[in-house]
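# Observations on chain architecture
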Amino acid sequence: MKGLDELTFDNRFARLGDAFSTQVLPEPIDDPRLVVVSEAAMALLDLEPTEAHSPVFAELFGGHKLWSEADPRAMVYSGHQFGSYNPRLGDGRGLLLGEVRNDAGQHWDLHLKGAGQTPYSRMGDGRAVLRSSIREFLASEALHALGIPSSRALCVIGSNTPVWRETKESAAMLLRLAPSHIRFGHFEYFYYTRQPEQQRQLAEHVLDLHYPECKAADEPYLAMFRSIVERNAELIGKWQAYGFCHGVMNTDNMSILGITFDFGPFAFLDDFDAGFICNHSDDQGRYSYSNQVPIAHWNLSALAQALTPFISVEALQEALGLFLPLYEAHYLDLMRRRLGLTTAEEGDKVLIQRLLSLMQPGAVDYSLFFRKLGDQPVEQALGVVRSDFVDLAGFDNWSQDYLARVQREPGNADGRRERMHAVNPLYVLRNYLAQRAIEAAQSGDYSEVRRLHAVLARPFEEQPGMEAYAERPPEWGKHLEISCSS
Ligand code: AMP
Ligand code: MG
C-alpha cells in the first residue's frame, strides 16, 4: 500500500502530443473537502485507505496541488450528439491528470471532472456541480458492484465555489478512473478533420495498449473493431437485463473499451417500462430504455465510418452484423439466470418477452420482481409477485409455462435461492435514493451519500438495518425530472 506521494506516473496519452490534447492546469475550488471516497477504487492505485483523510487528498483532487509527474491535459474529440455531428467537443470541464501504473502493472487514467475551463469549454464554465458529481460517483461504483463494466470513481470533493445552473449550486470535482478515456468521438474527430497521420497514431495507440491480442490477426484494426463491437454487445446486454438507462448515448460518451462512461441523467428502472426516458431533455426518446440497443448499434456504425480509411466497408459491415446476435446472447444469458434457469431452451426468449409485456401495464418493480421470485420456492414466489400485475389471467398463464420450464431444469430446486440472489440485486441506485443523499449533502451532511455508497457496494447481500434501501420508491420518487444540466 502506498501514500499519495508514491504513485508512479506513465503518461502515455500525453506523449501522443499536442494534436491530441492541450496542457491545462486545474482551477482549484474553494475550501475543498472530502464528500465521499471509494476505498475499492483507491485499492486500484494501491493507495492506503487512510490517505483519503489527509488534507492533501482533498487538495490534490480539488485542484489545489498537483504531482510533479502529472501532465494534466484536456483531450480533443468530436461526436454525434442526438444524431447530429458536432465537429468539436473535447474535455470542456475535465482533465486527464495522468496515467498511474499500479504494482500489478495496470494503468489507470486519473481524470478530474469539474477542473475548470479548457480550450474545449465553448460557452461552459468548466465546472461540475455537487449533485451530478455525487450521481456519477454512486453510479460508477454501483454498476461495478453489479458486474457491469464501468469507469470507476475515486472520490468527490465538495467546495464553497458557487456555480450557476437553473439555480445557484456549489462546484465539486470527481476523480474518475478508467484504463482509457478514449471515446468513439476521438476517432471521429481525426477522421472528419482529415488528419490521417494522427488517426493512425491513435489507432496504433489503442491497439497497442488496449487490444494487444488483436495485433497478431491478419487485419489488426478489423480484429480490434470486432472486439469493440463484442464488448459493447456485452455491455448493452447487461444494461438491458438490469434496467440501466444511460440517458445520453452520444458517440462522445461511448468508450472505446465498452465500459459505461460519462454519466448524465441516467436511471435504473423502477416500475418496468420499455419506453422509459430518463433524460428530461430527450423529447423524442432517442435514448429511451429500449432504444439503447439500436442506438448502440448506430453508434458503432458511426465509429465504423471513422475507420473506413483502415478497413474495407464490407469487413466493417460484417463486424457490425455481429452486434445484435451477440447482444441478444448476452441479454438472454443474464435474463435466464435472473429467472433461475441454468440451461437454455429455444422458447426462453418468448417466455422473457411475454413476462415483460405483462409487466408493462402494471406497476411491477423491475428489480424487486426478480429478487422476490428467488426468495421462496417457485410456487409461493409466483403467488407473492402476482398482485403487482394488471392482467392476472395473462400472468397465471405465464406462471404455468414458467413453472413447467423450471421443472424441466436438472435438479431444479437445488440452490435456487442462492443462485438467483447472486444475480438479482436487493439494492439498486434508484433516483430517489440518490436524490435524498444529494439533498443531505447539499446541506453539508455527507453521511447519507457514504451510507448509500456502502450499501450499493454489496448489492446482492442482505444487509441488516438497511431494509429501507430495498424498498420500492415513494410516489414522488418515481417522477423525478433529471435534466442534462450538470
Ligand atoms: P456531456 O453532455 O457531459 O457529455 O458534455 C458534452 C460536451 O460539453 C463535452 O465536450 C463536455 O466537456 C462539455 N461540457 C459539459 N458541461 C460543461 C461545462 N459546465 N463547462 C464546459 N464544458 C462542458
Ligand atoms: Mg460527455
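Residues numbered from 1 in each chain as written. Chains lettered and ligands numbered in written order. Predicted model: local features only at pLDDT ≥ 70, side-chain atom pairs only at ≥ 80, totals over all residues. Heavy atoms only, no water.

### Comments concerning the site of ligand 1
Which entries qualify depends on this criterion: A cutoff of 4 Å decides nearness: a residue is near a molecule or strand if any of its heavy atoms lies inside that distance of it. Within 3.5 Å is the distance limit for a polar contact, defined as a pair of N or O atoms, with the added protein rule that one can donate a hydrogen and the other accept it, and that residues adjacent in sequence qualify only through two side-chain atoms. Accessible areas in this description were obtained via Shrake-Rupley with a 1.4 Å probe; residue shielding takes into account the shown protein chains only. Ten residue types, Ala, Val, Leu, Ile, Met, Phe, Trp, Tyr, Cys and Pro, are classed as nonpolar, four, Asp, Glu, Lys and Arg, as charged, and the remainder, Gly among them, as polar.
The local shell around ligand 1 holds 17 residues, among which G90, G92, R122, G126 and N253 are the closest. Residue G92 places a main-chain N or O atom 2.7 Å away from an oxygen atom belonging to ligand 1. At 3.2 Å from a nitrogen atom of ligand 1 is found a side-chain nitrogen or oxygen belonging to R93. Within the complex, 80% of the 480 Å² of free accessible area of ligand 1 lies under protein. Of the residues belonging to the shell around ligand 1, the class tally is 2 nonpolar, 7 polar and 8 charged.

### Some words on the packing of helix 5 (residues 196–210) against helix 6 (residues 220–242)
In plain terms, the rule: To get an axis, a line is fitted to the C-alpha atoms, and for a helix only the part in contact is used. The angle between two axes follows their N-to-C directions and goes from 0 to 180 degrees. Here a helix means four or more residues in a row that DSSP labels H or I, a strand means two or more in a row labelled E, and each is numbered from the N terminus. Helix crossings are classified by the rotation of the near helix relative to the far one: an anticlockwise turn of less than a right angle makes the crossing left-handed, while a clockwise turn makes it right-handed. We call two residues in contact whenever any of their non-hydrogen atoms come within 4.5 Å of each other.
Orientation of helix 5 relative to helix 6, taken along the N-to-C sense of each, is 65°, at an axis distance of 11 Å. For helix 5 against helix 6, the interelement crossing comes out left-handed. Contact residues: helix 5 offers R200, A203, E204, V206, L207 and H210, while helix 6 offers P220, Y221, M224 and R231. Here the contact of helix 5 with helix 6 is built from residues that sort into 6 nonpolar, 1 polar and 3 charged.

### Here's the deal with the UniProt feature "binding site: ATP" (unreviewed entry) in the chain
The cut-off we apply is this: UniProt positions are given in the numbering used here, feature names are shortened, and annotations may be inferred rather than shown by experiment.
Mapped onto the present numbering, the UniProt feature "binding site: ATP" (unreviewed entry) falls at G90, G92, R93, K113, D125, G126, R176, R183 and D262. As for its position among the elements, G126 is in the loop between strand 7 (107–113) and strand 8 (128–129). Leaving out residues up to four positions away in the same chain, G126 has contacts with G92, R93, G114, A115, G116 and Q117. Examined against the element boundaries, R176 turns out to sit in strand 10 (residues 168–178). Beyond its immediate stretch of four places on either side in the chain, R176 contacts D109, L110, H111, K113, E136, S151, R152, H181, R183, F261 and D262.

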